[in-house]
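Chain by chain, the residues:
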Amino acid sequence: MKFPSNLPCSAVLDSLADGVFTVDRDWNITFFNEAASRITGVPAEEAVGSKCWDVFHSSLCDGDCALRSCMNDCGRISNKSIFFIHADGRKVPVSISAAPLVDGAGKLIGGVESFRDLTDIQMIRREVEDSWRFEDIIGKSAQLGKVFSILPQVSKSEATVLLLGESGTGKELFARAIHNLSERKHGPFVAVNCGALPDNLLESELFGYKAGAFTDARKDKAGRFELAAGGTIFLDEIGDMPAKLQVKLLRVLQEKTFEPLGAVQSVNANVRIVAATNKNLAELVEQGAFRQDLYYRLNVVTLNLPPLKERVEDIPLLINHFVNRLNALQGKDIDGISEDTLHILMRHPFPGNVRELENILEFAFILCPSGFIQVEHLPEYLQPKSKDTAPHEDMPLTMDEIKCMAVRRALERNNGKKMATCRELGISKDTLRRTIARCEDAGA
């Protein structure tokens, strides 16, 4: 670009809305435009001549300097999300671009960096997230919108609801939303995973038992249906319920009564049932693995929950939600994710759905000390591969696998030194020891 001969270059740069500054090879600031002064709160006359890290105190100043990378590699960086500390002490999120600065002979004489204030954009993002929140469910996709549009009416009825969707789509969140929007919202919400308990234990957990019903039954125990009286019971993974219990559940739906083990009298079942499964119940009925009459009793209102790959536009909203929640839970101050990281997550197919996204961000929180989550903070299976490397399989990881990976990588970075690893991850020696033991037992 050439400037008009009668217009100084500095005047042009001062007219820009983006902050611009240059440094020499010793990291002394040699130019600081008006926007840079406005965004940082540091006057140009004070900034010029100072070291750049004394002016910005950015999240990259401790080692991963964008300008240093450009000047060392003669490359460019565009739209990298970071933050710096304003003169008044507050954090300012910015998007930076950087490039080496050369003279007419092509000799490196320093670097140039521009930055754009993202404060207003982040405020708008938070407002948008709030506007697309339904109870604890976040999303703006058309598929989710269809569910949201009928959820209030479904909730106010007493009809049995069947939630269908892949694992990790948030079926329990929807069940809780139905409960919270219903006339039973002041009653209990009781969740039972029908696939996580052995058949003999599941029956007593659901329906309870009387003293003497079996050898160890020394006193009466209330089942989940009794504990949920006046409220809602959520039966997750209903497709895994054994045939014997399907008969008892059918009676609850038909007659609103049940009998605890060893009881001689029926108990009224004043509960609303919300069931969920990631299986095709219609196919299970055809195979004889699920009772047809129970299927039709459960299938009064069916809500199909879309997988995350079909609601890609919801990913940024979910990321902001999880970042805010993890900050509160872990006492951290992560500002969000970088543009490069968002690009990777937007292209990921998420076979593990929303649960996988949450696990990815929890892993990133382990490695990211502050500022914006960068690509290097993502799990290894999401790391970009070189062009000559075969594409990796997009396999979701459990939280235990993610923790093992984080510990293993931290140990490698610290040459096996456990105290240094504990300091980096912010965990105790006992936690590190237990995690290593679990990893070894699992072969991770």
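1. Topic: the overall build of the chain
Regarding its fold elements, the chain presents 19 helices and 16 strands. In the chain, which comprises 444 residues, the proportion classed as buried is 45%. Long-range pairs, those at least 24 residues apart, make up 63% of the contacts in the chain between residues at least 6 apart in sequence. For the chain, the accessible area works out to roughly 23000 Å², and carbon and sulfur atoms hold 50% of it.

2. Quick word on the side chain of K171
As for its position among the elements, K171 is in helix α8 (residues 171-180). The buried charged residue K171 lacks any salt bridge, with D236 as its nearest oppositely charged partner at 5.2 Å. A polar contact is formed between the side chain of K171 and the backbone oxygen of E166, at a distance of 3.0 Å. With residues near it in sequence (within four places) discarded, K171 still touches L163, G165, E166, F234, D236, A276, T277, N278 and L305.

3. A closer look at the sheet that holds strand β8 (residues 161-164)
Judged by pairing direction, the sheet is parallel, and its five strands sit side by side in the order β9-β10-β13-β8-β14 without closing on themselves. Of all the strands in the sheet, the pair left with one neighbour each is β9 (189-193) and β14 (301-304). Taken pair by pair, the neighbouring strands of this sheet meet at an average axis angle of 20 degrees, ignoring direction. By the bridge criterion, four bridges tie β8 to strand β13 (residues 272-277) in an arrangement that is parallel. Its bridge partner being in β13, V161 is matched across the sheet by V274. Running over the sheet, helix α7 (residues 142-156) touches β8, β13 and β14 and is turned about 150 degrees from β14.

4. Topic: the sheet that holds strand β1 (residues 19-24)
Sheets are built from strands that pair by backbone hydrogen bonding, the pairs being arranged parallel or antiparallel. Taken together, five strands build an open sheet; the order of strands is β2-β1-β5-β4-β3 and the sheet is antiparallel. The outermost strands of the open sheet, each flanked by one partner alone, are β2 (29-32) and β3 (77-85). Taking each pair of neighbouring strands and ignoring which way they run, the sheet shows an average axis angle of 30 degrees. Here strand β4 (residues 91-102) pairs with strand β5 (residues 108-117) via nine bridges, running antiparallel. By the bridge assignment for β5, A99 is matched with V112. Helix-sheet contacts for helix α5 (residues 66-73) involve β1, β3, β4 and β5, and the interaxial angle to β4 is about 20 degrees.

5. A look at the packing of aromatic side chains
One pass over the structure, following the stated rule, counts 11 aromatic pairs. For the ring pair F21 and F56, a centre distance of 4.7 Å and an interplane angle of 35 degrees mean the geometry is tilted. Here F21 is found in strand β1, whereas its partner F56 is found in helix α4 (residues 52-56), with 35 residues between them in sequence. Judged by relative accessible area, which is 2%, F21 ranks as buried. Ring geometry for F207 against F225: centres 5.4 Å apart, planes inclined by 0 degrees, an arrangement best described as stacked. Taken as a pair, F207 in helix α9 (residues 199-207) and F225 in helix α10 (residues 224-227) lie far apart in primary sequence, 18 residues in all. Comparing F207 with F225, the two get one shared label, buried. Among the aromatic residues, those joined into a ring-pair cluster are F21, F32, F56, F84 and F115. Over the ring of F207 we find K248; its NZ or CZ atom is 4.6 Å from the centre of that ring.

6. Description of the layout of surface pockets
When its volume is computed, the largest pocket comes out at roughly 620 Å³. Looking at the largest pocket, it is lined by 24 residues, and the ones nearest its centre are T169, G170, K171, E172 and L173. Those elements that provide at least two residues to the lining of the largest pocket are β7 (137-138), α8, α14 (315-330) and α16 (353-367). The biggest single contributor to the lining of the largest pocket is α8, with five residues. Its residues assigned to classes, the lining of the largest pocket comprises seven nonpolar, seven polar and 10 charged.

7. So, the side chain of N28
Here N28 is to be found in the loop between β1 and β2. Non-local contacts of N28, meaning those with residues more than four positions away in its chain, are made with T22, V23, G49, S50 and K51.

8. Some details on the packing of α7 against α8
The contact between α7 and α8 brings their axes to 8 Å, and the two run at 35 degrees. Crossing hand, α7 versus α8: right-handed. Judged by residue contacts, L144, V147, F148, L151 and S155 of α7 engage F174, A177 and I178 from α8.

9. Re the nonpolar core
Nonpolar side chains in soluble globular proteins tend to be buried together. Core analysis: the biggest nonpolar cluster contains 30 residues, and L206, F225, L235, I238, L249, I273 and F290 have the highest contact counts within it. Sorting the residues of this core by element identifies β9, α9, β10 (232-236), α11 (243-255), β13, α12 (281-286) and α13 (292-298) as the ones contributing at least two each. Looking at which element gives the most residues to this core, the answer is α11, with five residues. Setting aside its immediate chain neighbours within four residues, I273 contacts T160, V161, F225, I233, L235, L249, V252 and L253.

10. Observations regarding the environment of M405
Counting through the fold element by element, M405 comes out in helix α17 (residues 399-413). Separated by 42 residues in the primary sequence, M405 and F363 have C-alpha atoms spaced 9.0 Å apart.

11. Some remarks on the pairing of β4
With seven bridges connecting them, β3 and β4 associate as antiparallel partners. Of the residues in β4, the one forming a bridge with I82 is V94. The antiparallel pairing of β3 with β4 creates a hairpin that spans five residues between the two strands, and G89 there sits at a positive phi of about 100 degrees. Taking the residues that link successive antiparallel strands as the turn, the β4-β5 hairpin has five residues, and the phi of G106 there is positive, at about 85 degrees.

The rules we used
- Residues numbered from 1 in each chain as written.
- Predicted model: local features only at pLDDT ≥ 70, side-chain atom pairs only at ≥ 80, totals over all residues.
- Heavy atoms only, no water.
- Helix = DSSP H or I, 4+ residues; strand = E, 2+ residues; numbered from the N terminus.
- Buried < 20%, exposed > 50% of the residue type's maximum accessible area, 1.4 Å probe, protein only.
- Contact = heavy atoms within 4.5 Å.
- Areas by Shrake-Rupley, 256 points an atom, 1.4 Å probe, with all protein chains shown as cover.
- Lys, Arg positive; Asp, Glu negative; His and termini not counted.
- Salt bridge = Lys/Arg side-chain N within 4 Å of Asp/Glu carboxyl O.
- Polar contact = N/O pair within 3.5 Å; in protein donor to acceptor, adjacent residues only side chain to side chain.
- Pairing = 2+ DSSP bridges.
- Axes fitted to C-alpha atoms, helices over the stretch in contact; angles between N-to-C directions.
- Phe/Tyr/Trp six-rings, centres within 6.5 Å; stacked < 30°, edge-to-face > 60°.
- Lys NZ or Arg CZ within 6 Å of the ring centre and 35° of its normal.
- 1 Å grid on protein atoms, 1.4 Å probe; cavity = no way out; pocket = protein on both sides within 12 Å on 5 of 7 lines; lining within 4 Å.
- Points joined across faces, edges and corners; volume = space filled by probe spheres on them.
- Nonpolar A, V, L, I, M, F, W, Y, C, P; charged D, E, K, R; others polar.
- Left-handed = near helix turned anticlockwise from the far one by under 90°.
- Core = buried A, V, L, I, M, F, W, Y, C linked by side-chain atoms within 4.5 Å.

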